Amino acid sequence: ALTFGMYGALAEICENVPTDGSVKAIIIRGAGDNAFAAGTDISLFRDFSPEKGIESENGAAKYFSAVAICPVPTIAAMTGACTGGGAGIAGVCDMRIASRDMKFVFPISRTLGNTLSADTLSRMVNLIGEAKVIDLIFTSRLIEADEALHIGLINELHDDCDAVMERAWA
């Protein structure tokens, strides 16, 4: 699970990446083979007021924007669960390469009862279309790897984590 500090650190990396050619791309992946990211640590939302929820989504939009406008290409190397904030990060990367066990979902209608920021929604609509975004947000259903490839959510699909990482490095 991601913390607000982790989102901030990712944004800082993207904002401060050297542009002198020493960094060709940034590969974003999970800590292991089981998940790209399980989303934001749900315990961070305890005692959230409506105002705090809006503040959180605006912060997420700022962090996602830093990834989206990163001056070097960003590659999401996606294996296993890619949910919530992790799905938001993957959605703003320049490329998304996934393993066959990847599952993508925004579960917020089932968990927090909120929605994504307007910026994040807009980016997702540009990526996969309005009807698919509505489907994802209203139903919180999992999109499996084959469907993700079919709808253009991911660029490439590979058999396992090792193949995903090999391709991301290439």
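As shown above, the structure is provided for reference.
The written sequence of each chain sets the order in which its residues are numbered from 1. Reporting in this predicted model follows two pLDDT cut-offs: at least 70 for local features of residues, and 80 or more for side-chain atom pairs to be given and counted; totals over whole chains, interfaces and linings ignore these cut-offs and use all residues. In computing side-chain properties, one takes all heavy atoms of the structure into account and sets aside hydrogens as well as water.

Caption draft 1: Molecular detail of the overall build of the chain. Strands here are runs of E lasting at least two residues and helices are runs of H or I lasting at least four, both read from the DSSP assignment and numbered beginning at the N terminus. The number of helices and strands found in the chain is eight helices and eight strands. Both definitions apply: the radius of gyration is a C-alpha atom measure, and the globule rule equals 2.2 Å times residues to the power 0.38. In terms of C-alpha radius of gyration, the chain reaches 15 Å, essentially the compact-globule figure of 15 Å for 170 residues. Reported as C-alpha extents along the three principal axes, the dimensions of the chain are approximately 45 × 35 × 30 Å. Across the chain, contacts joining residues at least 24 apart in sequence account for 69% of those joining residues at least 6 apart. Accessible surface, the chain: about 8600 Å² in total, of which carbon and sulfur atoms supply 54%. Any pair of residues with heavy atoms lying within 4.5 Å of one another is described as a contacting pair. Accessible surface area values rest on a Shrake-Rupley calculation with a 1.4 Å probe, where residue burial reflects the displayed protein chains alone.

Caption draft 2: Quick peek at the nonpolar core. By size, the foremost hydrophobic cluster in this structure holds 40 residues, and its most contacted members are F36, M78, I89, M102 and F104. Per-element accounting of this core gives the leading share, four residues, to helix α3 (residues 85–92). Setting aside residues up to four positions removed in sequence, F36 forms contacts with I28, R29, G30, A76, A77, M78, T79, A81, C82, G86, I89 and A90. Here, the term nonpolar core denotes a set of buried Ala, Val, Leu, Ile, Met, Phe, Trp, Tyr and Cys residues that are joined through side-chain atoms within 4.5 Å. Three exposure classes are used, based on accessible area relative to the maximum for each residue type with a 1.4 Å probe and protein chains only: buried under 20%, partly exposed in between, and exposed over 50%. Counting seven residues, the second-largest nonpolar core is a separate cluster that includes A77, I97, M165 and A168.

Caption draft 3: Structural detail: the pattern of salt bridges. We define a salt bridge as a side-chain nitrogen of Lys or Arg found within 4 Å of a carboxyl oxygen belonging to Asp or Glu. Counting across every chain of the model gives seven salt bridges. A salt bridge links E144 to K103; the shortest N-O distance between them is 3.5 Å. Linking E144 in strand β7 (residues 143–144) with K103 in strand β6 (residues 103–105), this pair joins segments that are 41 residues apart in sequence. Look at K103 and you get partly exposed, because its relative accessible area is 30%. Linking D135 and R141 is a salt bridge whose minimum nitrogen-to-oxygen distance equals 2.7 Å. Beyond isolated ion pairs, a larger network of salt bridges with shared partners links K132, D135, R141 and E147.

Caption draft 4: Structural context of the packing of helix α1 (residues 4–16) against helix α2 (residues 50–68). Running from N to C, α1 and α2 point in directions that differ by 30 degrees, and their axes come no closer than 8 Å. Taken together, the axis directions place α1 and α2 in an arrangement best described as roughly parallel. Viewed along their axes, α1 and α2 form a crossing whose handedness is left-handed. Of the residues in α2, those in contact with F4, Y7, G8, L10, A11, C14 and E15 of α1 are S56, Y63, F64, A66 and V67. Gly is placed with the polar residues, together with every amino acid not listed as nonpolar (Ala, Val, Leu, Ile, Met, Phe, Trp, Tyr, Cys and Pro) or charged (Asp, Glu, Lys and Arg). Residue classes in the contact of α1 with α2 are distributed as nine nonpolar, two polar and one charged. Orientation is described by axes fitted as lines to C-alpha atoms, over the contacting stretch for helices, and by angles from 0 to 180 degrees between their N-to-C directions. Here is the rule for angles: anything less than 35 degrees is roughly parallel, anything more than 145 is roughly antiparallel, 65 through 115 is roughly perpendicular, and the remaining ranges are oblique. By convention the crossing between two helices is left-handed if the near helix lies anticlockwise of the far one by an angle smaller than a right angle, and right-handed if it lies clockwise.

Caption draft 5: Here's a closer look at the side chain of E156. Tracing the chain through its elements places E156 in strand β8 (residues 156–158). For E156, a relative accessible area of 17% gives the class buried. In this view, E156 contacts M95, R96, I97, A98, L149 and R167; residues no more than four positions away in its chain are not counted.

Caption draft 6: Up close: the sheet that holds β6. Read from one edge of the open sheet, four strands run β2-β4-β6-β7, paired in mixed fashion. The open sheet has two edge strands with one neighbour each: β2 (35–37) and β7. Sitting on the sheet, α3 is in contact with β2, β4 (81–83) and β6, with an inclination near 90 degrees to β4. Only strands joined by at least two bridges in the DSSP assignment are considered to pair.

Caption draft 7: Broad picture of α3. Of all eight residues in α3, eight are buried; the element is thus mostly enclosed. Residues G85, G86, A87, G88, I89, A90, G91 and V92 constitute the buried set of α3.

Caption draft 8: Region of interest: unusual backbone geometry. The backbone of S140 sits at a positive phi, close to 55 degrees, despite the residue not being glycine. Mapped onto the fold, S140 is located in the loop between α6 (130–139) and β7.

Caption draft 9: Region of interest: the pairing of strand β3 (residues 74–78). Burial analysis of β3 places five of its five residues in the buried class, which makes it a mostly covered element. The side-chain alternation of β3 yields two buried faces, one formed by T74, A76 and M78 and the other by I75 and A77. Where strand β1 (residues 26–29) lies against β3, four bridges are found, and the strand directions are parallel. Along β3, the bridge assignment pairs R29 with A77. As judged from the four bridges shared by β3 and strand β5 (residues 95–99), these two strands associate in the parallel manner.

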